[in-house]
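Listed below, chain by chain, are the residues.
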Amino acid sequence: MRRAEQGNETAVVEFIILGFQSIPEVQFILFLMFLVTYITTVLGNLLIMMLVVTDHHLHNPMFFFLGNLSLLETCYTSTILPRMLASFLTNKYVISLSGCFLQYFFFTGLAGAECCLLTVMSYDRYIAICKPLHYTAIMNGRCCLQLAGGSWANGLLASAIVTSLMQQLTFCGPNEIDHFFCDFMPVVKLSCSDTHWIKLVTFILASLLTLPPFLLTLISYVYISNTVLRIPSSTGRHKAFSTCSSHLTVVTLFYGALIVVYLVPKPNTLADLSKVFSVCYTVLTPLVNPLIYSLRNNNIKKALR
């Protein structure tokens, strides 16, 4: 372990990401599983982006936001999986402090952006179903760009604030991160600095990026459900709800994974189980999103054909 002298303390300049080293007998199986998952995720999301760009039937706000979500998911999974796959191949699990902070910045920023973007997509469906006569006027090109750009900016700005605070911390050892990527708590608990302020700031920012978007999404679907149930014909109800069923499924999976990973208490004895839950949140969710939209959205299926 390389260290640098800093005053009377010895500062850690690199971390060891333990990942799944505690189960060496399945390393090759995990490598193959994550490799197939990464390739499928990237190809699936790139296919959706290509369809949104090239098919003129998909040139509307709903699919513009879907294209943004696919781009976000591609970047999101690329912050973790390529490095994990390289570690499996080379048996090297060392990451520099700057590399760890950079991974955390992009991972957290993209996760925050996804919270905002999913809320934007639910607002789009709310306007389309509850205020159809005003849809074109409200969801114009400028508004769509502002909503999508604001989602990316909010997530990356909050992540930049937390990452800059993390860089002020001193790490004196140990330097082993019991996780498969640089998440907040596994990194901060290794610091020998006072971490109360950074934990408070992170809690406030995380609450602002998750709770209001979740509540707005929930409120949007309450209004959508109320409007759909008032449609007299069953065919009309099915058609109206089918336009947002895929998005509702994605929202449920995303926030469900967030709750399991960060809110459900897990004893220290179940550290490996915690990693499994984190895999569901960071790896499987970006994989299933393009599948959900491909299989449950009639417009995507027509574009594919």
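Residues numbered from 1 in each chain as written. Predicted model: local features only at pLDDT ≥ 70, side-chain atom pairs only at ≥ 80, totals over all residues. Heavy atoms only, no water.

## Describing the overall build of the protein chain
And step 1. When helices and strands are counted, the protein chain shows 11 helices and 5 strands.
And step 2. Against the 2.2 N^0.38 benchmark of 19 Å for 305 residues, the protein chain shows a C-alpha radius of gyration of 21 Å, consistent with a compact globule.
And step 3. If one aligns the C-alpha atoms of the protein chain with their principal axes, the spans along those axes are about 75 × 40 × 35 Å.
And step 4. Counting the 305 residues in the protein chain, one finds 47% classified as buried.
And step 5. Long-range pairs, those at least 24 residues apart, make up 77% of the contacts in the protein chain between residues at least 6 apart in sequence.
And step 6. Entry remark: accessible area of the protein chain is about 15500 Å², with carbon and sulfur atoms responsible for 68%.
And step 7. Averaging the locations of the 18 positively and 13 negatively charged side chains of the protein chain gives two centres separated by 17 Å. (Helix = DSSP H or I, 4+ residues; strand = E, 2+ residues; numbered from the N terminus. Rg over C-alpha atoms; globule rule 2.2 N^0.38 Å. Buried < 20%, exposed > 50% of the residue type's maximum accessible area, 1.4 Å probe, protein only. Contact = heavy atoms within 4.5 Å. Areas by Shrake-Rupley, 256 points an atom, 1.4 Å probe, with all protein chains shown as cover. Lys, Arg positive; Asp, Glu negative; His and termini not counted. Charge placed at Lys NZ, Arg CZ, Asp CG, Glu CD.)

## Here we look at the packing of aromatic side chains
And step 1. If you walk through the whole model with that rule in mind, you get 13 aromatic pairs.
And step 2. Between Tyr-126 and Tyr-223, the ring centres sit 5.9 Å apart and the planes meet at 65°, which makes this aromatic pair edge-to-face. Within this pair, whereas Tyr-126 is found in helix H4 (residues 97-130), its partner Tyr-223 is found in helix H8 (residues 196-229), the two being separated by 97 residues in sequence. (Phe/Tyr/Trp six-rings, centres within 6.5 Å; stacked < 30°, edge-to-face > 60°.)

## Observations concerning the environment of Phe-65
And step 1. Checked against the element boundaries, Phe-65 lands in helix H2 (residues 61-78).
And step 2. With relative accessibility at 0%, the residue Phe-65 sits in the buried group.
And step 3. Expressed as a C-alpha distance, the spacing of Phe-65 and Met-121, which sit 56 residues apart in the sequence, is 6.5 Å.
And step 4. With near-sequence residues (within four places) excluded, Phe-65 lies in contact with Leu-117, Val-120, Met-121, Asp-124, Met-139, Cys-144, Leu-147 and Ala-148.

## Notes on the state of the cysteines
Cysteine pairs can be covalently joined through their sulfur atoms, and such a bond is termed a disulfide.
And step 1. Scanning the entire structure with this criterion turns up 2 disulfides.
And step 2. The partner cysteine of Cys-100 in its disulfide is Cys-182, sulfur to sulfur 2.1 Å. The disulfide joining Cys-100 to Cys-182 has a torsion of about -125° about its S-S bond and is therefore left-handed. On the criterion of sequence distance, the pair formed by Cys-100 in helix H4 and Cys-182 in the loop between strand S5 (176-177) and helix H7 (184-188) is long-range, its members being 82 residues apart. Each member of the pair, Cys-100 together with Cys-182, is buried.
And step 3. There is a disulfide in this structure between Cys-172 and Cys-192, and the S-S distance comes to 2.0 Å. In this structure, the disulfide formed by Cys-172 and Cys-192 twists by about 50° around the S-S bond and is classed as right-handed. Of this pair, Cys-172 sits in the loop between helix H6 (141-166) and S5 while Cys-192 sits in the loop between H7 and H8, placing them 20 residues apart in sequence.
And step 4. For Cys-172, a relative accessible area of 22% translates into the label partly exposed. (Disulfide = S-S within 2.5 Å.)

## Remarks on unusual backbone geometry
It is generally the case that most residues other than glycine have a negative phi and that most peptide bonds are trans.
And step 1. Even without glycine at this site, Asn-91 takes up a positive phi of about 65°.
And step 2. Residue classification places Asn-91 among the exposed residues on the basis of a relative accessible area of 58%.

## Regarding H6
And step 1. Compared with the 38 Å implied by 1.5 Å per residue over 26 residues, the 38 Å span of H6 between its first and last C-alpha is a close match.
And step 2. Against the buried residues of H6 lie H2, H4, helix H5 (135-138), H7 and H8.
And step 3. Between the side-chain oxygen of the N-cap and the backbone nitrogen of Arg-142 there are 3.2 Å, and the N-cap of H6 in question is Asn-140. (Expected span 1.5 Å × (residues − 1). Polar contact = N/O pair within 3.5 Å; in protein donor to acceptor, adjacent residues only side chain to side chain.)

## Some thoughts on a nonpolar patch on the surface
And step 1. A cluster of nonpolar side chains, namely Leu-211, Phe-214, Leu-215, Leu-216, Leu-218, Ile-219, Val-222 and Tyr-223, defines an oily patch on the protein surface of about 750 Å² accessible area.
And step 2. Position of Leu-218 relative to the elements: it lies in helix H8. (Patch = residues over 30% accessible without salt bridge, like charges linked within 9 Å, V, L, I, M, F, W, Y side chains within 5 Å. Salt bridge = Lys/Arg side-chain N within 4 Å of Asp/Glu carboxyl O.)

## Topic: the pattern of salt bridges
And step 1. All chains considered together, the criterion is met by 1 salt bridge.
And step 2. Among the salt bridges present, the one from Arg-125 reaches Asp-124, with a minimum N-O distance of 2.9 Å. For the pair formed by Arg-125 and Asp-124, the shared burial category is buried.

## Thoughts on the packing of helix H1 (residues 27-54) against H2
And step 1. The contact between H1 and H2 brings their axes to 9 Å, and the two run at 155°. Relative to H2, H1 is oriented roughly antiparallel. The handedness of the crossing between H1 and H2 comes out as left-handed. Facing Tyr-38, Thr-41, Val-42, Asn-45, Ile-48, Met-49 and Val-52 of H1, the residues of H2 in contact are Phe-63, Phe-64, Leu-66, Gly-67, Ser-70, Leu-71, Glu-73, Thr-74, Thr-77 and Ser-78.
And step 2. Considering only residue class, the contact of H1 with H2 consists of 9 nonpolar, 7 polar and 1 charged. (Axes fitted to C-alpha atoms, helices over the stretch in contact; angles between N-to-C directions. Parallel < 35°, antiparallel > 145°, perpendicular 65-115°, else oblique. Left-handed = near helix turned anticlockwise from the far one by under 90°. Nonpolar A, V, L, I, M, F, W, Y, C, P; charged D, E, K, R; others polar.)

## Some remarks on the nonpolar core
And step 1. Grouped together as the largest cluster of nonpolar side chains are 61 residues, with contacts concentrated most on Phe-20, Phe-34, Phe-65, Met-84, Phe-88, Met-121 and Tyr-281.
And step 2. Ranked by the residues each element gives to this core, the list is headed by H4, at 12 residues.
And step 3. Counting residues in each nonpolar core, the second largest holds 20 residues, with Phe-15, Val-187, Ile-198 and Leu-205 among its members. (Core = buried A, V, L, I, M, F, W, Y, C linked by side-chain atoms within 4.5 Å.)

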